[in-house]
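Given next are the chains, with one letter for each unit.
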Amino acid sequence: MFRAITPQPRPTSRACSCRQKMLSAHILIYKHRRTAPITQAASGSSSSSKSGASYGLFVISASPVCAEAVAAAGADWICLDAQHGAVGYETLNQMLGCTAAYPAKRIVRVGGPDDRYGIQQALDLGAHGVMVPLVNSRADAEQAVSYCRFPPDGQRSVAYPVRAVYRKGVGVPALSRYLREANQEVQVWLQVETRACFEALDDVLSVPGINCAFLGPSDMGFSYGLHVKGGYDLPAMLTSPELDNVYSTVVQVRCTAVNLNLFGVAA
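Residues numbered from 1 in each chain as written. Predicted model: local features only at pLDDT ≥ 70, side-chain atom pairs only at ≥ 80, totals over all residues. Heavy atoms only, no water.

(A) Up close: the pattern of salt bridges. What the rule picks out here adds up to nine salt bridges. Between E199 and R195 there is a salt bridge whose closest N-O contact spans 2.9 Å. Of the two residues, E199 and R195 are both situated in helix α9 (residues 195-199); the distance of four residues between them amounts to about one turn of the helix. Look at R195 and you get partly exposed, because its relative accessible area is 40%. One connected set of salt bridges, linked through shared partners, spans K168, R177, E181 and E185. (Salt bridge = Lys/Arg side-chain N within 4 Å of Asp/Glu carboxyl O. Helix = DSSP H or I, 4+ residues; strand = E, 2+ residues; numbered from the N terminus. Buried < 20%, exposed > 50% of the residue type's maximum accessible area, 1.4 Å probe, protein only.)

Have a look at this one:
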């Protein structure tokens, strides 16, 4: 369902620091903007404002009760997982509805960069943004961003009445305001979890409209064949020199250069 956050001791070396943070359970590890973190609530305070790190959890069960409990507990963000989790659109509607009153950012993980319907549903139902897995190229990133933006910046379809618009009020004035502001407000989080994505990372992350790079160390290791190379010793795979190189490259060079937020998750 979901795991509690367990603080980790501060490592002594920079390389170890990257690895240890990657292995922490569902924890944001770095903030690379001078402005407030993207997971900080619009009103009230969050742990982000104090520590520079934001904390969140994935909800993979089809349980609005669990989703609300996580949001009410003070998480900076929650990810409702419609990729690997048992979350259909009717359930997603309930989960987004019951968490709307809390300051946690509500992100929906969709099926991939070509999941136009899933992206549309998540945003119309009131998600603050989407997490897009299986991104392998700049074209994939551009497509995902396009599905999150209204014309002329993208291809998102207009709908009313929907929960997303209700945050601006009701009626035509609310819809007009939403259409003016949505392209700047909707969050696009891309998962960096494949060899192809990592090897094209500068090109992928330079796509306008991306707010966050989310590292997926398990799938990254699999894409390099490290699970086979290491005899299916998954903890050893996650701490391998090859993945250390991925962590340090993304954290220390790429995301800083393109001014993105970076998240890490043990999955």
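That was the structure; now back to the text.
(B) View of the side chain of S63. Mapped onto the fold, S63 is located in the loop between β2 (56-59) and α3 (64-72). When its relative accessible area of 17% is taken as the criterion, S63 is described as buried. Polar side-chain contacts of S63 include one of 3.0 Å to the backbone nitrogen of C66. In contact with S63, other than residues within four places in its own chain, are T91 and M95. (Polar contact = N/O pair within 3.5 Å; in protein donor to acceptor, adjacent residues only side chain to side chain. Contact = heavy atoms within 4.5 Å.)

(C) Spotlight on the state of the cysteines. Under the counting rule described, the total for this entry stands at zero disulfides. Residue C66 stays outside any disulfide, its sulfur separated by 9.9 Å from that of C98, the closest cysteine. The class of C66 is buried, set by a relative accessible area of 13%. (Disulfide = S-S within 2.5 Å.)

(D) Region of the structure containing the nonpolar core. Counting 58 residues, the largest nonpolar core has L80, L92, V108, V130, L190 and L243 as the members making the most contacts within it. Broken down by element, the residue count for this core peaks at five residues, all from helix α6 (residues 138-148). Once residues lying within four places of it in the same chain are set aside, the contact partners of L80 are V59, A67, L92, M95, L96, I107, V108 and R109. Of all hydrophobic cores here, the second largest spans eight residues; its members include C79, I107, M131 and C212. (Core = buried A, V, L, I, M, F, W, Y, C linked by side-chain atoms within 4.5 Å.)

(E) Layout of helix α8 (residues 171-185). Here α8 contains 15 residues, and its C-alpha end-to-end distance of 20 Å stays within 8% of the 21 Å for a straight helix at 1.5 Å per residue. In the structure, α8 departs most strongly from a straight axis at L179, where the bend amounts to approximately 35°. On the buried face of α8, the contacting elements are α5 (116-124), α6 and α7 (163-166). (Expected span 1.5 Å × (residues − 1). Bend = angle between axes of the 7 residues up to and from the residue.)

(F) Spatial organisation of the pairing of strand β3 (residues 77-81). Counting buried residues along β3, five of its five residues qualify, which places the element largely inside the surrounding structure. Judged by which residues are buried, β3 turns out to be covered on both faces: W77, C79 and D81 on one side and I78 and L80 on the other are all buried. Here four bridges tie β2 to β3, and the two strands are oriented parallel to one another. Directly across from L57, in β3, lies its bridge partner I78. For the segment spanning β2, α3 and β3, crossover handedness is right-handed. (Pairing = 2+ DSSP bridges. Right-handed = clockwise from strand over helix to strand, strands pointing away.)

(G) Representation of the packing of α5 against α6 in the model. The interhelical angle for the contact between α5 and α6, taken along N-to-C directions, is 40°, at an axis separation of 9 Å. Taken together, the axis directions place α5 and α6 in an arrangement best described as oblique. Considering the relative orientation of α5 and α6, their crossing is right-handed. Here R116, I119 and L123 of α5 lie close against α6, whose contacting residues are A144, Y147 and C148. Its residues placed into classes, the contact of α5 with α6 shows five nonpolar, no polar and one charged. (Axes fitted to C-alpha atoms, helices over the stretch in contact; angles between N-to-C directions. Parallel < 35°, antiparallel > 145°, perpendicular 65-115°, else oblique. Left-handed = near helix turned anticlockwise from the far one by under 90°. Nonpolar A, V, L, I, M, F, W, Y, C, P; charged D, E, K, R; others polar.)

(H) How the structure looks around the environment of A53. Within the secondary structure, A53 is located in the loop between α2 (47-51) and β2. As for A53 and D76, which are separated by 23 residues in sequence, their C-alpha atoms are 9.5 Å apart.

(I) Just the packing of aromatic side chains, in detail. Tallied over the entire structure, the rule returns seven aromatic pairs. Considering the side-chain rings of W77 and W189, the 5.8 Å spacing of their centres and the 80° angle between planes classify their relative orientation as edge-to-face. On the criterion of sequence distance, the pair formed by W77 in strand β3 and W189 in strand β6 (residues 187-192) is long-range, its members being 112 residues apart. Both residues of the pair, W77 and W189, count as buried. (Phe/Tyr/Trp six-rings, centres within 6.5 Å; stacked < 30°, edge-to-face > 60°.)

(J) Spotlight on α3. The set of residues buried in α3 consists of C66, A67, V70 and A71. Summarising the axial view, the buried residues of α3 lie within an arc of 135°, below the 170-degree limit, and thus occupy one face. Looking at the buried side of α3, the elements it contacts are β2, β3 and α4 (89-98). Just beyond α3, the residue with positive phi is G74, at close to 105°. (Arc of directions from axis to C-beta.)

Remember, this is a structural readout, not a statement about activity or role.
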